[in-house]
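# Structural overview
Here is what each chain is made of, one letter per residue.
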Amino acid sequence: MSLRKGSNVWVEDKCSAWVAAQVTDFIGKQVQVVTEYGKKVLALPEKLYPRDEEADHGGVDDMTKLTYLNEPGVLDNLQRRYALNEIYTYTGSILIAVNPFTKLPHLYNVHMMEQYKGAPFGELSPHVFAVADASYRAMMSENQSQSILVSGESGAGKTETTKLIMQYLTYVGGRAAADDRTVEQQVLEQKCADLGDALVPRLPSTVINPCCVENKVL
Ligand SMILES: Nc1ncnc2c1ncn2[C@@H]1O[C@H](COP(=O)(O)OP(=O)(O)OP(=O)(O)O)[C@@H](O)[C@H]1O
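Residues numbered from 1 in each chain as written. Predicted model: local features only at pLDDT ≥ 70, side-chain atom pairs only at ≥ 80, totals over all residues. Heavy atoms only, no water.

Moving on, we get to the site of the ligand. Lining the immediate environment of the ligand, one finds 14 residues, of which Asn99, Ser154, Gly155, Lys158 and Thr159 sit closest. Separating a nitrogen atom of the ligand from a side-chain N or O atom of Tyr108 is a distance of 3.1 Å. Residue Gly157 places a main-chain N or O atom 3.0 Å away from an oxygen atom belonging to the ligand. Its free accessible area being 630 Å², the ligand has 71% of it covered by the protein chains. Partitioning the shell around the ligand into residue classes produces four nonpolar, seven polar and three charged. (Near = heavy atom within 4 Å. Polar contact = N/O pair within 3.5 Å; in protein donor to acceptor, adjacent residues only side chain to side chain. Areas by Shrake-Rupley, 256 points an atom, 1.4 Å probe, with all protein chains shown as cover. Nonpolar A, V, L, I, M, F, W, Y, C, P; charged D, E, K, R; others polar.)

Dropping the structure here:
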């Protein structure tokens, strides 16, 4: 990254991980920056990351739209969206969910499920229903089983997310012909935790404890 006086950067911070700053001087091999809180900090240039001063106040719904795709930029974008109760963000076809730790019923009602039903992926706001819908559509059109991997540290919201995916699949799938079981029952009977259980003994659960929803052609 080429730095000059006035460059907008992110600098590491003990309290908030990263803080917005501006380059004010060059001292030996180090760069002097002033943070948004007015604190002068000396840092090596390779420890600084470029920052988009014009970043949309509300963040962007897909990380690939960020001017600078770096760790502080990604975290800042998630924080901006979270402040507006936008807990979902795409990175291409991957959905990032930030645990709201509060009920957001308006996100998961029948009206929302109806909206995402059949909508092209990426057309509507990022949502777990969009991922579930894409998986369901792929299964129907390609006649191939699909998997959705839900990954995150303990307490991140994997179980809740998996339940939401099942809720959506139940909604769009209805009941299969010649089968008395509801889609929810069928999904549950696929033992969604099988993959997780198989992986967990080999991986520390705090690193990855995935839930897997298998969307099977029945
Ligand atoms: N989408 C959501 N909306 C509202 N609350 C949520 C959501 N996701 C998670 N939570 C809250 O966070 C808590 C922890 O989530 P959850 O049990 O899904 O985590 P987990 O990743 O499965 O954890 P563990 O790996 O320890 O089993 C839930 O009990 C719920 O209170």
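Picking up where we left off.
Before going further, it helps to spend a moment on unusual backbone geometry. Non-glycine residue Ala17 carries a positive phi angle of around 70 degrees. We classify Ala17 as partly exposed; its relative accessible area is 38%. Phi angles above zero are rare outside glycine, and Phe101 is one such case at about 50 degrees. Relative to the elements of secondary structure, Phe101 occurs in the loop between β7 (94–97) and α2 (110–116). (Buried < 20%, exposed > 50% of the residue type's maximum accessible area, 1.4 Å probe, protein only. Helix = DSSP H or I, 4+ residues; strand = E, 2+ residues; numbered from the N terminus.)

In terms of nonpolar packing, the biggest core is built from 23 residues, with Tyr88, Leu107, Tyr108, Val128, Phe129, Ile165 and Tyr168 touching the most fellow members. Those elements giving two or more residues to this core turn out to be β6 (88–91), α2, α3 (128–142), β8 (146–150) and α4 (158–173). Ranked by the residues each element gives to this core, the list is headed by α3, at seven residues. Excluding residues that lie within four positions of it along the chain, Val128 makes contacts with Tyr88, Leu95, Tyr108, Thr161, Leu164 and Ile165. (Core = buried A, V, L, I, M, F, W, Y, C linked by side-chain atoms within 4.5 Å. Contact = heavy atoms within 4.5 Å.)

With that out of the way, let us pick up the pairing of strand β3 (residues 30–35). Taken together, the six bridges between strand β2 (residues 17–27) and β3 define a ladder with antiparallel strand orientation. Bridging across to β3, Val23 finds its partner in Val33. Connecting the antiparallel pair β2 and β3 is a turn made up of two residues, with Gly28 showing a positive phi of about 60 degrees. Pairing analysis gives four bridges linking β3 to strand β4 (residues 40–43), with the strands arranged antiparallel. Looking at the pairing, Val33 lines up with Val41 of β4. (Pairing = 2+ DSSP bridges.)

Its 16 residues place the ends of α4 22 Å apart at the C-alpha level, agreeing with the 22 Å of an ideal helix rising 1.5 Å per residue. Looking at α4, one finds that the buried residues are Lys158, Thr161, Thr162, Leu164, Ile165, Met166, Tyr168, Leu169 and Val172. Immediately downstream of α4, the backbone of Gly174 shows phi near 60 degrees, a positive value. (Expected span 1.5 Å × (residues − 1).)

Glancing now at the UniProt feature "binding site: ATP" (unreviewed entry) in the chain. Following the UniProt record, the feature "binding site: ATP" (unreviewed entry) maps to Gly152, Glu153, Ser154, Gly155, Ala156, Gly157, Lys158 and Thr159 here. From this annotated list, the subset lining the largest pocket comprises Ala156, Gly157 and Lys158. Of note, Ser154 is situated in the loop between β8 and α4. The class of Gly155 is partly exposed, set by a relative accessible area of 47%. Among residues more than four places away in sequence, those in contact with Gly155 are Asn99 and Phe101. (UniProt positions renumbered as here; feature names shortened; annotations may be inferred. 1 Å grid on protein atoms, 1.4 Å probe; cavity = no way out; pocket = protein on both sides within 12 Å on 5 of 7 lines; lining within 4 Å.)

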